[in-house]
Structures are given as C-alpha cells and as structure tokens.
Amino acid sequence: MKVGILSGKGGTGKTTVSASLAAVVPSCQYIDCDVEEPNGAIFLKPELKEKSPVKVLVPEIDMTKCNFCGLCAKACQFNAIAVVKDKVLVFPEICHHCGACKIACPNDAILEVERTIGVVEANEDGTFLQGKLDVGEPISIPIINELKKHIKEDRFVILDCPPGASCAVVNSIEGCDYCVLIAEPTPFGLHDIKIAVQLVKNMGIPFGVVLNKASNDNRSIHHFCQSEGIEILMAIPFSKEIAEGYSKGILPVEINDLWNEKFKKLYEKIEGGAHK
Amino acid sequence: MLVAISSKGNSMECMMDPRFGRAEYFIIADTDTMEFEVVENAAAVAGGGAGITSGQLMIDKDVQAVITGNIGPNAMSVLAAANIEIYRGVSASVKENVEKLNKGLLEEISKTVPPHSGING
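Residues numbered from 1 in each chain as written. Chains lettered and ligands numbered in written order. Predicted model: local features only at pLDDT ≥ 70, side-chain atom pairs only at ≥ 80, totals over all residues.

Draft legend 1. Summary view of the interface of chain B and chain A. Facing 15 residues of chain B, the contacting portion of chain A comprises 11 residues. Looking at the side of chain B that touches chain A, the elements that each hand over two or more residues are helix H1 (50-60) and helix H2 (73-81) of chain B. When residues in the side of chain B that touches chain A are grouped by element, the largest group, 6 residues, is from H1 of chain B. A breakdown of the residues in the side of chain B that touches chain A according to their chemical character gives 8 nonpolar, 7 polar and no charged. (Contact = placed C-beta atoms within 7 Å. Helix = DSSP H or I, 4+ residues; strand = E, 2+ residues; numbered from the N terminus. Nonpolar A, V, L, I, M, F, W, Y, C, P; charged D, E, K, R; others polar.)

Draft legend 2. Representation of the sheet that holds strand E7 (residues 128-133) of chain A in the model. All names here are of chain A. Spatial strand order, E3-E6-E7-E2-E8-E1-E9-E10-E11: 9 strands in an open sheet with mixed pairing. Where the open sheet ends on each side, the last strands, each with one partner, are strand E3 (48-61) and strand E11 (232-237). Each adjacent strand pair in this sheet contributes to an overall mean axis angle of 20°, direction not counted. Pairing analysis gives 4 bridges linking strand E10 (residues 207-214) to E11, with the strands arranged parallel. Of the residues in E11, the one forming a bridge with Leu-211 is Ala-235. (Pairing = 2+ DSSP bridges. Axes fitted to C-alpha atoms, helices over the stretch in contact; angles between N-to-C directions.)

Draft legend 3. The arrangement of the packing of helix H1 (residues 14-24) of chain A against helix H11 (residues 257-274) of chain A in detail. Residue and element names in this part refer to chain A. Contact pair H1 / H11: the axes reach a minimum separation of 9 Å and the direction vectors enclose 95°. Classed by the angle they form, the pair H1 and H11 counts as roughly perpendicular. Here Ser-20, Leu-21 and Val-24 of H1 come into contact with H11, specifically with Asn-260, Phe-263, Lys-264, Leu-266 and Tyr-267. Looking at the contact of H1 with H11 residue by residue, the class counts come to 5 nonpolar, 2 polar and 1 charged. (Parallel < 35°, antiparallel > 145°, perpendicular 65-115°, else oblique.)

Draft legend 4. Geometry of the environment of Asn-256 of chain A. Relative to the helices and strands, Asn-256 of chain A resides in the loop between helix H10 (252-255) and H11. With 137 residues separating them along the chain, Asn-256 of chain A and Val-119 of chain A place their C-alpha atoms 35 Å apart.

Draft legend 5. The arrangement of the domain arrangement of chain A in detail. Looking at chain A, the domain boundaries give domain 1 (2-28 + 156-274) and domain 2 (56-115). Spacing between the C-alpha centres of domain 1 of chain A and domain 2 of chain A amounts to 43 Å. (Domains from an automatic or database assignment.)

Draft legend 6. Up close: the nonpolar core. Among the nonpolar cores identified, the biggest contains 112 residues, and Val-3, Ile-81, Leu-159, Cys-179, Val-180 and Leu-181 of chain A together with Ile-5 of chain B are the most heavily contacted of them. Considering each element in turn, this core owes the most residues, 6 residues, to strand E9 (residues 178-183) of chain A. (Core = buried A, V, L, I, M, F, W, Y, C linked by C-beta atoms within 7 Å. Buried ≥ 20, exposed ≤ 12 C-beta atoms within 10 Å, placed from the backbone.)

Draft legend 7. Main features of the environment of Tyr-267 of chain A. Residues and elements named next belong to chain A. Along the chain, the position of Tyr-267 falls in helix H11. Look at Tyr-267 and you get buried, because 20 C-beta atoms sit within 10 Å. Taking the C-alpha atoms as reference points, Tyr-267 and Pro-46, 221 residues apart in sequence, are found 21 Å from one another. Look past the residues within four positions of Tyr-267 in its chain and what remains in contact with it is Leu-21, Val-24 and Val-25.

Draft legend 8. How the structure looks around the confidence of the model for chain B. The share of residues in chain B with pLDDT of 70 or more is 98%, and the mean pLDDT across the chain is 93. Interface scoring of the predicted complex returns ipTM 0.81; its pTM is 0.84. (pLDDT = per-residue confidence, 0-100.)

Draft legend 9. Inspection of the packing of helix H7 (residues 187-202) of chain A against helix H8 (residues 220-228) of chain A at higher detail. All names here are of chain A. The N-to-C vectors of H7 and H8 enclose an angle of 30°; their axes lie 10 Å apart at closest approach. The angle between H7 and H8 falls in the class roughly parallel. The chirality of how H7 crosses H8 is right-handed. Residues Gly-189, Leu-190, Ile-193 and Val-197 of H7 form the contact with H8, whose own contacting residues are Ser-220, Ile-221, Phe-224 and Glu-228. Its residues assigned to classes, the contact of H7 with H8 shows 5 nonpolar, 2 polar and 1 charged. (Left-handed = near helix turned anticlockwise from the far one by under 90°.)

Draft legend 10. Main features of the pairing of strand E3 (residues 36-40) of chain B. Residues and elements named next belong to chain B. Relative to E3, strand E2 (residues 25-30) is paired through 5 bridges, and the arrangement is antiparallel. Across the sheet, the residue bridging to Phe-26 is Val-39, located in E3. Between E2 and E3, which pair antiparallel one after the other, the connecting turn spans 5 residues, and Met-34 there sits at a positive phi close to 65°.

Draft legend 11. Highlighting unusual backbone geometry. Phi is positive for Lys-213 of chain A, which is not a glycine, with a value near 55°. Counting through the fold element by element, Lys-213 of chain A comes out in strand E10. Despite not being glycine, Met-34 of chain B has its phi angle at roughly 65°, a positive value. By secondary structure assignment, the location of Met-34 of chain B is in the loop between E2 and E3.

Draft legend 12. Local environment of the sheet that holds strand E6 (residues 107-108) of chain B. Residue and element names in this part refer to chain B. The sheet built from 6 strands is open, its strands ordered E3-E2-E1-E4-E5-E6 with mixed pairing. Strands with a single pairing partner mark the edges of an open sheet, and in this sheet they are E3 and E6. Pairing of strand E1 (residues 2-7) with E2, which is carried by 6 bridges, proceeds in the antiparallel orientation. Along E2, the bridge assignment pairs Leu-2 with Asp-30. Along the sheet face, helix H3 (residues 94-102) touches E1, E2, strand E4 (65-68) and strand E5 (85-88) and points at about 140° away from the line of E1.

Structure (structure tokens):
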C-alpha cells in the first residue's frame, strides 16, 4: 500500500514522521518527493548508488522551416515562446513540456530536444529513493513522476511529500491508499492543515492526522479535528529531547523504545485506516 | 512613433503602472499626434511568463518604444530581440510620461529587475 505524508505548512514534521515509519516498518520503501529539498537521507543514511538524470522535452526551432507565423507562441498556455519578426525566442524554464507548440506548427519546424532538470537517486535495492530538482528549475513534477515509476507495489510505500498543497503535492499523493497529515498547533499550522484536509477530501483519499509539537497551551488542532470528525492517529509532544535528536539527525525512534512502539502503532493504524 | 506605456487605467490621465509584464493596461500612443489605443493586458493575471507575453504584445502592436517602471529579464529579452527601446517612466500620468519622452527627459533602461518582481506589486 502507498501512504502519502503531507502537511500544508512546511516544517511541521513530514520527514520526521516519514523517516521514523521507514525505520520501524520492515521491508518498506521510502520515497522523498520533496525534490526541492530532499532531507530524508540525512536521517535514513542510505548508500545512494543509482543516479539517473531526469530529462524533459522542450522545443527547438528549425529556422530553415519556420515562417514566423506565431502559431506556436499562441498555442503555448505557459507563455514560453515569443515570435519576434525574424526570430523565435524559447524560454525553456517556463516550458511545461506539453508539446502543443509542435502540434500547432503548420511547417513542422519544431523539434523536441532533451533537457536535464534534475536527478533521481536510489540505494542498491531501491527501497530508498529521492529526487533532486536542479537549482533554478521551477517545475518539479517530471521528477516526482519519475520517482513514482519506481514504486514497489507489493510493499508499504512511504511518500514523503513537499510542503504546500499545490501541483507537486497533488502529484505526489495521487494514487495513494491513505494520507497522513502532519499538523502543528499554531495559527499557521491550523490554517494550512485545513487546506490539506480539503485537498485529500477532494481527491477521495482516506486520511488521519499526526499532531506534532503538541502542547496543552494550544489545542486548536484537537478542536478542529474533533469538529470535523478527523482521527488524530498520534501526538508527538513539544519535546526538547526530540528536537535535540533532530538537530543531530537522530530520529525519535532511535532515542528510545517508547517511540519505536508508538510509530509501530501508527503503522498499524495506517494499515487499518486504508482498509476501512 | 508608437510608444506603449504600462498603465493602471484605461486613459491618458491614468497613472503609469511601474510593472511591465503584469500591468493591467497598455496605452499605445502616437507621440506626434497623441492619439492612443487602450489595450487590456491579458498577461496581468497569467500563471507565468507574463513578461514574455506582454513583450509579444508589444511586437504584435508594432510599437517602437516602451515606457514603464521596471522590467524583468524575460520581457527584456523579447523587447531587445525586437529592438524596442525601453524608457524608465516617472510616477505620473501616462500623458505626462509621453510628454517627458518627447522632451527627451526619460532615461533608457538597460538593466532588469529580478523575475516575479511585479507579482503582488
């Protein structure tokens, strides 16, 4: 089964929870879809042996065939082409690789050429994968798509998602059997978890919440979940011990057996929640 | 000559919009006769590539110069490729900016601002 770990707000603990699950669930697969800043590897310390570049197709103009009609620029929904009298300017970073310009060109003057935008890295048995988007590249979806091609369907697969609730997250959790939403009890945390809840509801994916940095001073997430009938699968307290471990790349499950047990219970709840 | 001014409104009396790619309107004025055309800028709300499309609009409208506040790198590439001159306008009406251009009081822009500077601006 595939479980997506998302949050809306960044810095709530997606990777802490994802990597902890990866550490306690036997023979699972961990995929870091946060390709702008993958950091699961800091905790899980895999030996990354496989590296393959991720390439996309972008237009290149055959100037011997182009008659500057401008239909390619009009067809482009992303404004990546400008036709200037006797020149055609292509902006590859803005291109979304849809191929509409090639279809629109009546003179067959558009070739598609490969462009590398990042890399997918894996350990030897493919149980740890991460994508890295090259610095300056704005579109992460092709890398997430490439990562998802390597999903081992017969395993418990953990998809550690990017922050937010936009395309990259939608793409990461598409096809998941269950989602875990990580929330922190702050006004921003509450605001963003509401957006994440809307997203998973719209996509029809069963889900539960893990409350991180929980404190009795602020019970806003409890109240929200109670009123919406959302199950809080687990609460991780606002703890100096966990924060200190984190700062050294040590997971809660490595600190003591209590957390090991708690994350095993979380795993059982996720399995249960997905098969309801 | 035909000059396009990024504008916050649809007349010569409206303030110049300091943003190029995401300006709401362009006023395309004839600097000799002061006749003008108002063009709504569809790229003002584009998801991305606003500067490129606004630049394309200048080419399609056959303007020879642009007056605006700031210009981003992609818009600059498009305008430069078409040899369109770019002038830094002042915070005043479209009409005053055209008059200043006619008197040679506007400086030509050769440097861009970073991408996305005009968003929420």
